[in-house]
Amino acid sequence: MIEHIFCCPIYVDKIDLNLLSKTNKIIKRYKNNIVSNVGGYQSPSIKTPEDLKDLFTQIDFKVAQFYKRPLKLQSYWVNKNNKHNYNKPHNHPGCFMSGVYYVSVPEKSGAITFHAPYSDLVSSFMVEKDFPDLYIIKPKTNMLLLFPSWLKHSVEMSKSSKPRVSIAFNYS
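We now turn to the structure provided with this report. The structure displayed is predicted, hence computed values, not measured ones. (Residues numbered from 1 in each chain as written. Predicted model: local features only at pLDDT ≥ 70, side-chain atom pairs only at ≥ 80, totals over all residues. Heavy atoms only, no water.)

### Some details on the overall build of the protein
No. 1: A tally of regular secondary structure across the protein gives 3 helices and 11 strands.
No. 2: Secondary structure elements of the protein occur, N-terminal to C-terminal, as β-α-β-β-α-β-β-β-β-α-β-β-β-β.
No. 3: For 172 residues, the compact-globule estimate of 2.2 N^0.38 gives 16 Å, and the protein sits close to it at 16 Å.
No. 4: Relative to its full complement of 172 residues, the protein shows a buried share of 44%.
No. 5: Entry remark: accessible area of the protein is about 10,100 Å², with carbon and sulfur atoms responsible for 57%.
No. 6: Of note, the protein has its 23 positive side-chain charges centred 9 Å away from the centre of its 13 negative side-chain charges. (Helix = DSSP H or I, 4+ residues; strand = E, 2+ residues; numbered from the N terminus. Rg over C-alpha atoms; globule rule 2.2 N^0.38 Å. Buried < 20%, exposed > 50% of the residue type's maximum accessible area, 1.4 Å probe, protein only. Areas by Shrake-Rupley, 256 points an atom, 1.4 Å probe, with all protein chains shown as cover. Lys, Arg positive; Asp, Glu negative; His and termini not counted. Charge placed at Lys NZ, Arg CZ, Asp CG, Glu CD.)

Now the structure itself:
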């Protein structure tokens, strides 16, 4: 018998909103903030969702449904990756749950990769042979992903000439 222990849930859903003009206004309002992004644009953390209230009203509901406990939006930021831009592996310390909503996703603009928490602890031969250490999701426009904040993730380099725009966020 095999028991799967310490599972890591990832919530995948869709929210049909057209937020490109709103995210473009945010991009014009704030200077680029370099955190995990290599190239591209990342806004500073924004504490109040006034510009994106319709989105976060729906996300609040989905977070409560998925995590079955009250959580509050801590911050969000807008990402824009152009050709050859990517995001290095990182996590979101100091919060409980993180997520990303994809506003615009052209073909070949880079998948999100989740890294197994044990991948740094075991040999690469064992990981490849017995345990997958990466989980890749190819995003689509209007896709919502929720995941534990401690889960390391990265974004592949974009090969698209059109920008990918997303909104990332943290809840506690």
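The discussion continues.
### Remarks on the sheet that holds strand β9 (residues 143-148)
No. 1: Read across the open sheet, the 6 strands follow the order β1-β9-β6-β11-β4-β3; overall the sheet is antiparallel. Sheet topology places β1 (11-14) and β3 (41-42) at the edges, where each strand pairs with a single neighbour. (Pairing = 2+ DSSP bridges.)

### Here's the deal with the side chain of N85
No. 1: Assignment of secondary structure puts N85 in the loop between β4 (73-81) and β5 (86-90).
No. 2: Of note is the side chain of N85, whose polar atom sits 3.0 Å from the backbone nitrogen of G40.
No. 3: For N85, the residues in contact, after removing those within four places along its chain, are V38, G39, G40, K80, E156, M157 and S158. (Polar contact = N/O pair within 3.5 Å; in protein donor to acceptor, adjacent residues only side chain to side chain. Contact = heavy atoms within 4.5 Å.)

### Here's the deal with the pairing of β5
No. 1: Here strand β2 (residues 37-38) runs beside β5; their pairing, made up of 2 bridges, is antiparallel. Along β5, the bridge assignment pairs V38 with Y86.
No. 2: Direction of pairing for β5 relative to strand β10 (residues 153-155): antiparallel, over a ladder of 2 bridges. Residue pairing in the sheet places N87 in a bridge with V155 of β10.

### Observations concerning unusual backbone geometry
Generally, phi is negative for residues other than glycine and the peptide bonds are trans, each holding for most cases.
No. 1: Phi at K108 takes a positive value of approximately 65°, unusual for a residue other than glycine.
No. 2: Residue position: K108 is located in the loop between β6 (97-104) and β7 (112-115).
No. 3: The exposure class of K108 is exposed, given its relative accessible area of 61%.
No. 4: Positive phi, close to 75°, is recorded for N142, a residue that is not glycine.
No. 5: One can find N142 in the loop between β8 (134-137) and β9.

### Things to note about the pattern of salt bridges
No. 1: Applying the stated criterion to the full structure yields 5 salt bridges.
No. 2: We note a salt bridge from D13 to K62, for which the minimum N-O separation is 2.8 Å. Here K62 lies in helix α2 (residues 53-67) and D13 lies in strand β1, a separation of 49 residues in the sequence.
No. 3: Using a relative accessible area of 25% as the deciding quantity, one classes D13 as partly exposed. (Salt bridge = Lys/Arg side-chain N within 4 Å of Asp/Glu carboxyl O.)

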